[in-house]
Amino acid sequence: MRKIAVGILSATIGGAMLVSGAGIASAATKADTQLVIRDISPNPVVVKKGSETTAYFDVGASSDVQKVELSVAPAENNFRTMRTKDIKDLEGWRWAIGFNENDYAGKWKATAVAFDKDGKEIAKDDAFFSVEVEKGKLETTISRFSADPYKVRKGKSIHFSGRLLVDDDGWEGVRGEKVNIYYKANYRSGWKWVASDWTGRGGKFYATTKAYKSGTFRAVYSGDDELEGAKSRSDYVRVYSWRR
């Protein structure tokens, strides 16, 4: 019998993605019929944000098997997926399936079903694998930024305050991060650093600078390996000179 390497993967109403093919394949319901999902690699399937990870499914079978269907779906019965996935046919009873950050993160089930030449189901095998979606950098924001007072005499102090927050399943303050304060004078396009502070409890930060000319201030967090950067809203301060 000539092995035909044909595979089709589609989403079913129940959430299973079906791979179908014809050829030699493999766990046992009859003494002379063997069908087994021999390998799923990698397992777990680790997906990074913005990229795709390919998982390879290898099935083996006895010579009386004429057709094999392989379905993969989240193991939780209450999860449904309608999204069609592409499959790449490989030599022998092997398929490549791509997973990305939009796929269900958790336990999945792969089911191989074997059929004889009359289309009768003669063997079936299940195997489990997991999909893990790595989180990218967490989103941050600078809230309640303020430059006070809004009107100040030249040479006096301007005080800055605000909070650095991170979205880690809900917004919360992040401690121990450096926030820089930048200033842009009226009718100027460039921003100039004037002060900085490290965030404390609740993500709060405070800083001070001297007033020289009227202009706009904002707070900037550069981010790190785990956190995205953020910029605050701008706050304007009018600076006036003392006149006798």
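Data block above holds the structure.
What counts, and at which threshold
- Residues numbered from 1 in each chain as written.
- Predicted model: local features only at pLDDT ≥ 70, side-chain atom pairs only at ≥ 80, totals over all residues.
- Heavy atoms only, no water.
- Salt bridge = Lys/Arg side-chain N within 4 Å of Asp/Glu carboxyl O.
- Buried < 20%, exposed > 50% of the residue type's maximum accessible area, 1.4 Å probe, protein only.
- Helix = DSSP H or I, 4+ residues; strand = E, 2+ residues; numbered from the N terminus.
- Polar contact = N/O pair within 3.5 Å; in protein donor to acceptor, adjacent residues only side chain to side chain.
- Phe/Tyr/Trp six-rings, centres within 6.5 Å; stacked < 30°, edge-to-face > 60°.
- Lys NZ or Arg CZ within 6 Å of the ring centre and 35° of its normal.
- Core = buried A, V, L, I, M, F, W, Y, C linked by side-chain atoms within 4.5 Å.
- Pairing = 2+ DSSP bridges.

Turning our attention to the pattern of salt bridges. Overall, the coordinates contain five salt bridges when judged by the stated rule. Salt-bridge contacts for Glu 69 lead to Lys 67; the nearest nitrogen and oxygen are separated by 3.5 Å. Across the salt bridge formed by Asp 118 and Lys 117, the nearest N and O atoms sit 3.8 Å from each other. Like Lys 117, Asp 118 is exposed.

This next bit is on the environment of Trp 108. Note that Trp 108 resides in strand β9 (residues 106–115). Trp 108 sits 20 residues away from Phe 128 along the chain, and the two C-alpha atoms are 5.7 Å apart. Looking at Trp 108, its side chain comes within polar contact range of the main-chain oxygen of Tyr 104, at 3.0 Å.

Moving on, we get to the packing of aromatic side chains. For the coordinates displayed, the defined rule picks out seven aromatic pairs. Ring geometry for Phe 99 versus Phe 129: centroids 6.0 Å apart, planes at 65 degrees, classification edge-to-face. With a gap of 30 residues between them, Phe 99 in strand β8 (residues 94–100) and Phe 129 in strand β10 (residues 121–133) connect regions that are remote in the sequence. Of the two residues, Phe 99 and Phe 129, both sit in the buried class. With a centroid separation of 5.0 Å and an interplanar angle of 50 degrees, the aromatic rings of Phe 160 and Phe 217 are classed as tilted. Pair noted here: Phe 160 is in strand β13 (residues 157–167) and Phe 217 is in strand β18 (residues 215–221), with a separation of 57 residues, a long-range link. For the pair Phe 160 and Phe 217, a shared accessibility class is recorded, and that class is buried. Over the face of the ring belonging to Phe 128 we find Lys 107, whose NZ or CZ atom lies 4.4 Å from the ring centre. The ring of Trp 191 carries Arg 218 above its face, with NZ or CZ at 4.0 Å from the centroid.

This part covers the nonpolar core. Nonpolar side chains tend to gather and get buried jointly when the protein is soluble and globular. Within the largest apolar cluster, 26 residues are counted, with the highest numbers of intra-cluster contacts made by Ile 37, Phe 57, Phe 99, Ala 110 and Phe 129. Elements represented by at least two residues in this core include exactly β3 (35–41), β4 (45–47), β5 (52–61), β6 (67–74), β8, β9 and β10. Among the elements that take part in this core, β10 stands out by supplying five residues, more than any other.

Here we come to unusual backbone geometry. For residues other than glycine, phi is negative in most cases, and the peptide bonds are mostly trans. Along the chain, Asn 43 connects to Pro 44 via a cis peptide bond; the corresponding omega equals 15 degrees. Among the structural elements, Pro 44 can be located in the loop between β3 and β4. Put simply, Asp 148 and Pro 149 share a cis peptide bond, and its omega is -5 degrees. Checked against the element boundaries, Pro 149 lands in the loop between β11 (140–148) and β12 (151–153). The residue Tyr 187 is not glycine, and still its phi comes out positive at about 65 degrees. With respect to the helices and strands, Tyr 187 occurs in the loop between β15 (178–185) and β16 (192–198). For Tyr 187, a relative accessible area of 86% translates into the label exposed.

Right, let's talk about the pairing of β9 for a bit. A large share of β9 lies buried, amounting to eight of its 10 residues. Here β6 runs beside β9; their pairing, made up of eight bridges, is antiparallel. Following the sheet pairing, Val 68 is matched in β9 by Ala 114. The pairing of β9 with β10 spans 10 bridges and is antiparallel. Residue pairing across strands places Trp 108 opposite Phe 129, the latter belonging to β10. Counting the residues that bridge the hairpin from β9 to β10 gives five residues, and of these Gly 119 lies at a positive phi of roughly 80 degrees.

That's the geometry; what it means functionally is another story.
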